[in-house]
Every structure is written in structure tokens, then in C-alpha cells.
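Spelled out, the chains give:
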Amino acid sequence: MSKTANRFRILVVEDETFSRKVVSVLLAGLGAEHVAFAATCAEARQAIVDDPGLRMVVADHYLPDGTGIALLAETRQGHLALPHDTFFVIATGSTSFALTAVALALDADSFLSKPFTKDQLAQRFYHFLSGNRSIKPVEYYRGVDAAGMLEAAERLDPLAAKHRQASLPMTPLSHVLPETPLAAALVSADGHVLLKAGTVLTRHLIGRLTELGVVEVPVTPTEQALKAELRRAKLSKPTPGNS
């Protein structure tokens, strides 16, 4: 395995520092000698341009500016400066069967759920590096509606809502004015959706969320500023007989 691994220039796309270190140690333990890292899709695309010798990508799915499966689709459809048959592994905290199905439709070489061990990684690498791959022509993958499939799959994955929430500015609940809509779903620490995107936060809901210990909610600054401006306008509007 080590002789195979060290022949490959590998790109790891992972935004969490700890996870990058873990994957780095695991790959080093398998004999990989040429490993580059990127924290975002944009950095990954630049790393691919900078190193045309890359032959394997190990990518997290949920990234700050996109997804690993979207990068897989770009690779298979020939939109990146990589051979379209580049080895591609999706390594993510999601256990969604729907996401796995999308990755397999794009012929991902493996779909790993984090956390995983060196032995598990070695087994997956051995399986696809020593087996017969059936990577289809670019034209086939361009006919796959990867974006539509991915959108449908993420609607079934609790981690998707949590990821979207994490990428939005959060506003302290104590600063939220009644009748303000949520910019994204409000997701609990265990991945359950508490309130759907667009839910209007009434005084009652704000009170209930406070009782539940919710500290911040995904309300965009623009919406919050608009609400504050409307409130100020109402307060400053002269009442009949006081003008």
C-alpha cells in the first residue's frame, strides 16, 4: 500500500484544522509523501491549477464555499485542470444515504464517514487502487444533473441545514426584534431542525427559544437593520393632536 500511496500527489480539501491534521497523519502512515491541503473549494481549484500532477483528491463534503461532491462533479465533467478519471474520495461527517448515492452516480472511488481509522482508509484505498475502475467518458457525466441530485439529497440531510446556518452571520437572540424572519433553518447541536427558514420570530417564539437556552439565531444584518429602522419610524411618527 505504501508503495502505491507515495506515487500519488494527493490534495486534501478540508476546512477544519483538526480534521486536516488527522487526515495528514493517516496518509503519512500509509506512505503518502506528497500531500497538499485546501480549506475551501476556491483554494482547491487553485491548488489543482498549481499542481497538474495531482492524482487523488480527498474532500470533505460541506465546505465554506461549496461542497466536495460538487468538486467531484466538476472533475468528472472535465471542468477542472485534472484528468476526469482522477481518484476522488469523499470523506465527511454526514452518513446520508442520499449523498452517498449522488457520489456513487459520479463514480466517487469511495465515500467515507468521519471519523475513520488508518486501517479503514487503507482498506478503501487498497480496494479501488487494486481493482478495476469503470470511469465513464466526460460526456456521460455532463449528462448527469449533479446539481439537481445534490440539492435533493441535501434536503434529506440534517447536516446540510447545520452547514448553511454556520455559514450565515448569527445575531444574538436578545437583539432580535419580533416579526423578524429566520434567514436559514435554526438547527440544534445534534442536527435537528428547530425552526424552518423563513419562520417569523414572534414574541412568543423568542421567549420559548430563550427558555430553551438558544443564544444566537441566523438573522441577516440587513433584515435586522430594516426591522430596527421600521421600529424607529413608528416611534418617531407624530400622533394626531400632538403635532
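Quick summary incoming for the structure in this document. Along each chain, residues carry numbers from 1 onward, in the same order as the chain's sequence is written. Predicted model: local features are reported for residues with pLDDT of at least 70 only, side-chain atom pairs are reported and counted for 80 or more only, and whole-chain, interface and lining totals are derived from all residues. Remark: hydrogens and water are excluded; side-chain values derive from all non-hydrogen atoms of the structure.

### Brief notes about the pattern of salt bridges
Working step 1: We count a salt bridge whenever a side-chain nitrogen from Lys or Arg sits within 4 Å of a carboxyl oxygen from Asp or Glu. Under the defined criterion, the tally for this structure stands at nine salt bridges.
Working step 2: Residue E14 pairs with K114 through a salt bridge whose shortest N-O separation is 2.8 Å. Of this pair, E14 sits in the loop between β1 (9–13) and α2 (17–29) while K114 sits in the loop between β7 (110–113) and α6 (118–130), and the two are 100 residues apart along the sequence.
Working step 3: Among the residues examined, E14 registers a relative accessible area of 3% and is labelled buried.
Working step 4: On the accessibility criterion, K114 (23% relative accessible area) is partly exposed.
Working step 5: Between E211 and R208 there is a salt bridge, and its shortest N-O distance comes to 2.6 Å. Of the two residues, E211 and R208 are both situated in helix α10 (residues 203–211); the distance of three residues between them amounts to about one turn of the helix.
Working step 6: Taking relative accessible area as the criterion, R208 reaches 37% and is therefore assigned partly exposed. Strands here are runs of E lasting at least two residues and helices are runs of H or I lasting at least four, both read from the DSSP assignment and numbered beginning at the N terminus. Relative accessibility thresholds used throughout: buried, under 20% of the residue-type maximum; exposed, over 50%; partly exposed, between the two (1.4 Å probe, protein chains only).

### Observations concerning the pairing of strand β6 (residues 87–92)
Working step 1: Burial runs high along β6: six of the six residues are buried.
Working step 2: Residues of β6 alternate between two faces, with F87, V89 and A91 on one and F88, I90 and T92 on the opposite face, all of them buried.
Working step 3: Should DSSP find at least two bridges between two strands, the strands are taken to pair. Pairing of strand β3 (residues 54–59) with β6 involves four bridges; the strand directions are parallel. Paired with A59 across the two strands is I90, which belongs to β6.
Working step 4: Note: β6 against β7, four bridges, orientation parallel. Residue V89 lies in a different strand from β7, and its bridge partner there is S110.
Working step 5: When the strands point away from the viewer and the connection leading from the first strand across the helix to the second strand turns clockwise, the crossover is called right-handed. Handedness of the crossover is the feature at issue here: the chain leaves β6, passes through helix α5 (residues 97–105), returns alongside β7, and the resulting connection is right-handed.

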